[in-house]
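# A structural walkthrough
What follows is each chain in one-letter form.
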Amino acid sequence: MSRIAIAYLAVAAALQAGVQLDGERRRWEPVTLTFDGPQASESGDPNPFRDFRLTVTFEHDASGRSLTAPGYFAADGKAGESSAEGGNQWRVHFAPPLEGEWHWTASLRAGIDVALSGDPGAGKAVPLDPSRGSFTASAGTGKGMLEYVGGHYLRWAGTGEYYLKGGADSPENFLAYADFDQTFDKDADSGSYKKVGPFIHKYQPHVRDWKQGDPSWKGGKGKGIIGALNYLASKGANSVYFLTYNLDGGDGRDTWMWSSPDVRDRFDVSKLDQWEIVFRHMDRLGIMLHVVTQETENDGNLGGGYGLNPIRKLYLRELAARYSHHAALIWNLGEENDTPDADRKQIAAYIRSQDAYRHPITVHTHNNRALTTYTRLLGNPNFEATSIQGSMRNYHREALILRARSAEAGRKWAIFGDEQQTASKGVVPDADDPGHDEPRIHALWGNLMGGGAGVEWYFGSNYAHMDINCEDFRSRDILWGQTRHALDFFRTHLRFWEMTPRDEMILSGAMGRVFAQGDQTIAVQLPAGGETRLQLAKGSYRVKWFDPRKGGALVKGSKEMVEGPGEVSIGLPPGDTDRDWVALLDRKE
C-alpha cells in the first residue's frame, strides 16, 4: 500500500462528526455548510486540493430542481482571521435560487487527483457525518442573482430589473492589496509597467469611506479596499474588473491564489477567505464581480499549455467552489486573450460544469480586434457577453455589429466595452481632463446607443492613479458622475431592453445616433449638438432634452412638439447648442 493511500485511511479514521450551517437561509442569499472532515494542510500530503473532492447536491422539494456545488478545503474554518494553513474543516457555499425546502447530500472522495475527475465514483468515499440534511429558504429581499435570460441585457432575478454596467476596469490588480495575507510584489520588473517599481495597493485615501459596521479582518485590516468599494457604490458604479492571476510575465506580478507564487496546485486558504470578505461586501453594494482569470502572458503558461490541462482545471475549480455563489459575477477567460477558440470553448464548458448558477462567460479582446475575436464563439452555449478593448470611437459601431451578429447566431449577447485605448491614456484623471468628452460621448453613450450594455473605465499608464497603481478612485470623480447620468437616463426614461438601434432614422442635419422602441419612444444622441432631421411615423411627438454632461431632469428645447410622418426637424437643445445633447421623443396616442 502506498504512503498516500495509508494517509487516506488515517485521516478517514480520525474524522470528527458534524456540520455547521451558516447564512440567512433566504432565496439567493448564500448558505454555507462547513463539515468536520479529514485533517489536512496547504502543504500536506495528501494534497487537500488535488486529492480530495467535496461536492454537495441540493434538491428542491417543490420543483424537483437539483444543483451540485463544488466544495473546498477551509483549514480551521476561520483562516481569514487566524491565517491557519491546516485544519479539518471542509466547506461549500450555496445560494438557493428558489424558496422552500432544500435537501442536501454531501460527498467527499479521496484519491490521487480525484478533484480533477468528472467521475462521481472516482477515488474512495470518505464518510461525513452527517452526509445529508435539509433547510428551508424563505423569500429573498434583494435584487437576487444577475442572470443571462437570452437577450442583450442581463437581468436581476429578484426584481426583474435589467442591468446596465458602469464600473471600474482599473486597477486590474485590484486584489494586490497589502492587507491580504501573503500579498506582495514578486517582481518589480513588471512588463509594460516597469516604471511603477515595487508596489502594492493600500487604498489609503479610501479608509475614510469605511463605515462603522462594515467588514474588516484581523483587528481592523481591510478598511482601505472596503472604503474604495463604498466610494464606487456611492457614485453609482456597479462593476469592478480584477485579475485573480498575473504572475508568469503579467503586468504587476502581484496577484495569485496559490500558497506561494512558485506553486500551482496548493491554494492560500487565508488569503482566499479574505477575498471572500471583500466579495460579500460587493454583493451588499450591488457591485458585480468581473473575474478575469489571467492575463495574456498567462495564456499558455498555467500548467504549461493553452487548454484545459490539470493545473488550469484545478485553478478554475477552486475559483468556482469559492466564489460562484455570488449574486453578480461574470467569468472572463483572460485579458487580451490569445487562447485558441477550441480551447476557449473547452475551458468555458468546464467553468459552466463547476458553476451551478450559470454565471455569464466572456473573453477580453486585444485592441480593436473585437469584430474578429468573437467570430467562432458566437452562438456557443457557454458564452454570453463581450469584453471589448479598443478605440472609444469604435464603441458604437462595434456594439451595432456584435449585437446583430450575436442575434443572427441564435444567442444574443450583452455587448460590454471594458478597456479604452490608447493604453497610455485610457480615461485620464479629472485634473487632466475635467470634461471627459471623448469617453462620455463615444465610449459610454456610443455603446449604450448602439444597444450595448455598458462600460468599465480603464486608467492609462501615463497618468496618475493608473491601471497598476490606482489608489484613489476620486481621481475620476467627474467621470463617475457622468456615467451615473447616462445609466439613470436609460433606467428612468427608456424601456431599453425592448429597444433597438435605428441610426438610419437620421436623414440630414447634425450627426447623431438613434435608439428606439418602435415608433413610440425615440432617443437621439447628438455628439456635437446642432439640429437634426428624423424620419418619423405618423403622429405627434413630444420633444424633451437631456444634458449628458450634468444630468438632471428633462428640459424643453426650441420645439415642444413635432409632427410626423416624414422628415422632421426636432429643433435645438435649450443651450450650449454645439455640445453633446440627447433628445427624447415620445409619441402621443
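First, a word on scope: everything that follows refers to the structure included in this document. (Residues numbered from 1 in each chain as written. Predicted model: local features only at pLDDT ≥ 70, side-chain atom pairs only at ≥ 80, totals over all residues. Heavy atoms only, no water.)

## Let's talk about the sheet that holds strand β2 (residues 31-41)
Strand order in the open sheet formed by four strands is β1-β2-β6-β5, and the pairing between neighbours is antiparallel. In this open sheet, the two edge strands, each paired with only one partner strand, are β1 (19-23) and β5 (72-73). (Pairing = 2+ DSSP bridges. Helix = DSSP H or I, 4+ residues; strand = E, 2+ residues; numbered from the N terminus.)

## What to know about the environment of Arg-474
Counting through the fold element by element, Arg-474 comes out in the loop between β19 (454-457) and α10 (477-493). Distance in space between the C-alpha atoms of Arg-474 and Thr-55 is 43 Å, their sequence separation being 419 residues. Within the local environment of Arg-474, its side chain forms a polar contact with the side chain of Asp-209, the two groups lying 2.7 Å apart. (Polar contact = N/O pair within 3.5 Å; in protein donor to acceptor, adjacent residues only side chain to side chain.)

## A closer look at the pattern of salt bridges
Using the criterion set out here, one finds 30 salt bridges in the structure. Here Lys-218 ties to Asp-181 by a salt bridge, and the two come within 3.4 Å at their closest N and O atoms. With a gap of 37 residues between them, Lys-218 in the loop between β12 (165-168) and α3 (223-234) and Asp-181 in the loop between β12 and α3 connect regions that are remote in the sequence. Between Arg-344 and Asp-341 there is a salt bridge, and its shortest N-O distance comes to 2.8 Å. With Arg-344 and Asp-341 both in helix α6 (residues 341-354), this residue pair falls three residues apart, about one helical turn. In this pair, the class of Arg-344 matches that of Asp-341, namely buried. A cluster of three or more residues bridged by salt bridges with shared partners is formed by Asp-437, Arg-440, Asp-547, Arg-549, Asp-576, Arg-579 and Asp-580. (Salt bridge = Lys/Arg side-chain N within 4 Å of Asp/Glu carboxyl O. Buried < 20%, exposed > 50% of the residue type's maximum accessible area, 1.4 Å probe, protein only.)

## Quick word on unusual backbone geometry
With an omega of 10°, the peptide bond between Asp-45 and Pro-46 qualifies as cis. By secondary structure assignment, the location of Pro-46 is in the loop between β2 and β3 (52-60). Across the junction of Asp-129 and Pro-130, the peptide omega takes the value 5°, indicating a cis bond. Among the secondary structure elements, Pro-130 is positioned in the loop between β8 (124-125) and β9 (132-137). One non-glycine residue, Arg-25, lies in positive phi territory at about 55°. Of note, Arg-25 is situated in the loop between β1 and β2. Accessibility expressed as a relative area gives 35% for Arg-25, which makes it partly exposed. Despite not being glycine, Asp-576 has its phi angle at roughly 45°, a positive value. Tracing the sequence through the fold places Asp-576 in the loop between β25 (561-569) and β26 (581-588). According to the relative accessible area criterion, Asp-576 is partly exposed, its value standing at 43%.

## Some words on the environment of Gln-535
Tracing the backbone through its elements, the reader meets Gln-535 in strand β24 (residues 532-546). Between the C-alpha atoms of Gln-535 and Asp-51, which are 484 residues apart in sequence, the distance is 66 Å. Leaving out residues up to four positions away in the same chain, Gln-535 has contacts with Met-505, Leu-507, Gly-566 and Glu-567. (Contact = heavy atoms within 4.5 Å.)

## Looking at the pairing of strand β4 (residues 66-70)
Side-chain direction in a regular strand flips from residue to residue, so the side chains alternate between the two faces of the sheet. Examined bridge by bridge, β3 and β4 share five bridges and lie antiparallel to one another. Looking at the pairing, Phe-58 lines up with Leu-67 of β4. Between β3 and β4, which follow one another and run antiparallel, lie five residues, and Gly-64 among them has a positive phi close to 80°.

Interpretation in functional terms is not warranted from these geometric data alone.
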